[in-house]
Amino acid sequence: MRAVFVPTKAGALVLGVLGTLVLAGCSSDEDDLQQWMTEQRAQIRPSVTPISEPKQFTPQAYTQGGATDPFSNQKLAQALRSEAVQASSNAALITPELARRKEPLEAVPLDSMKMVGSLIREGHPVALVRVDNLLYQVRTGNYLGQNYGRITKITETEVTLREIVQDAVGEWIERAASLQLQEGSK
């Protein structure tokens, strides 16, 4: 069984008086708090550094009035001519590579190949290249890698290639690459 408190008129009156007294007691604390905050605001003065004067702007006279207009037809035609010459030189570099039949080792990236030896066969140097645990004999003039890499020189310790790649602008350029002898590799 639960006891339920049902206030009587007298109990309600007592609760109301107590509530009023509590609120009255808080209001005097609130007045003290307001007074203290007012005193603190009066004592503290913010120190703001003043902003410096802006620099004086002095306009400069335009002195390129007699120069060639960068948007002129003459300038545009000159740029198109130089671009056409450059495109034809790029085409001359890549066109022979696109016209020839690809060799089997051109399907394999150069960094997955390892030079594991070299020998002289019929008076010409031959390099032994390992790809996927298979050995291949390559000679000067053969192609390696996916960047049209043509072997230009074979020594006892290195295979030197000439690759044709696109630079950041999209133009075809030649670059040198090499495979070093990997001693003791399996």
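Procedures and definitions
Residues numbered from 1 in each chain as written. Predicted model: local features only at pLDDT ≥ 70, side-chain atom pairs only at ≥ 80, totals over all residues. Heavy atoms only, no water. Helix = DSSP H or I, 4+ residues; strand = E, 2+ residues; numbered from the N terminus. Buried < 20%, exposed > 50% of the residue type's maximum accessible area, 1.4 Å probe, protein only. Contact = heavy atoms within 4.5 Å. Pairing = 2+ DSSP bridges. Axes fitted to C-alpha atoms, helices over the stretch in contact; angles between N-to-C directions. Core = buried A, V, L, I, M, F, W, Y, C linked by side-chain atoms within 4.5 Å. Phe/Tyr/Trp six-rings, centres within 6.5 Å; stacked < 30°, edge-to-face > 60°. Lys NZ or Arg CZ within 6 Å of the ring centre and 35° of its normal. Salt bridge = Lys/Arg side-chain N within 4 Å of Asp/Glu carboxyl O.

A word on the environment of T140. Relative to the elements of secondary structure, T140 occurs in the loop between β3 (134-138) and β4 (143-144). Residue T140 is classed as partly exposed on the basis of its relative accessible area of 45%. C-alpha separation for the pair T140 and T160, spaced 20 residues apart in sequence, amounts to 9.1 Å. Those residues in contact with T140 that lie beyond four places of it in its chain are I151, T152 and I154.

As summarised here, the arrangement of the three strands in space is β1-β2-β3, forming an open sheet in which the pairing is antiparallel. Here the strands that pair on one side only, and so sit at the sheet edges, are β1 (114-121) and β3. The average angle at which neighbouring strand axes cross in this sheet is 25°, direction not considered.

The next thing to look at is the sheet that holds strand β6 (residues 158-166). The four strands are arranged β4-β5-β6-β7 in an open sheet whose pairing can be described as antiparallel. Of all strands in the sheet, those bounded by a partner on one side alone are β4 and β7 (172-180). In terms of strand pairing, β4 meets strand β5 (residues 149-154) through two bridges, oriented antiparallel. Bridge pairing in β5 places L144 opposite G149.

Attention shifts here to the nonpolar core. Judged by nonpolar contacts, the single largest core of 16 residues is most densely connected at L110, M113, V138, L144, I151, V159 and L179. Elements supplying a minimum of two residues to this core: β2 (124-131), β5, β6 and β7. Looking at this core element by element, the count peaks at three residues for β2. Dropping the residues within four chain positions of it, V159 is found in contact with M115, A127, L144, I151, K153, A177, S178 and L179.

Here the focus is the packing of aromatic side chains. This model, assessed by the stated rule, comprises one aromatic pair. Measuring from ring centre to ring centre gives 6.2 Å for Y148 and W172, while their planes differ by 70°; the resulting arrangement is edge-to-face. With Y148 in the loop between β4 and β5 and W172 in strand β7, this pair connects stretches of sequence that are 24 residues apart. By relative accessible area, Y148 is classed as buried at 13%. Look at W172 and you get partly exposed, because its relative accessible area is 24%. The ring of Y143 carries the charged tip of R100 above its face, separated from the ring centre by 3.4 Å.

Turning next to the pattern of salt bridges. Close approach of charged atoms lets side chains of opposite charge pair. Within the structure shown, the criterion is met by five salt bridges. In this structure, the salt-bridge partner of E97 is R100, at a minimum N-O distance of 2.9 Å. Overall, the relative accessible area of 6% leaves E97 in the buried class. As a salt-bridge pair, E163 and R175 come within 2.9 Å of each other at their nearest N and O atoms. Within this pair, whereas E163 is found in strand β6, its partner R175 is found in strand β7, the two being separated by 12 residues in sequence. Under the relative-accessibility criterion, E163 is labelled buried at 3%. With a relative accessible area of 41%, R175 lands in the partly exposed category.

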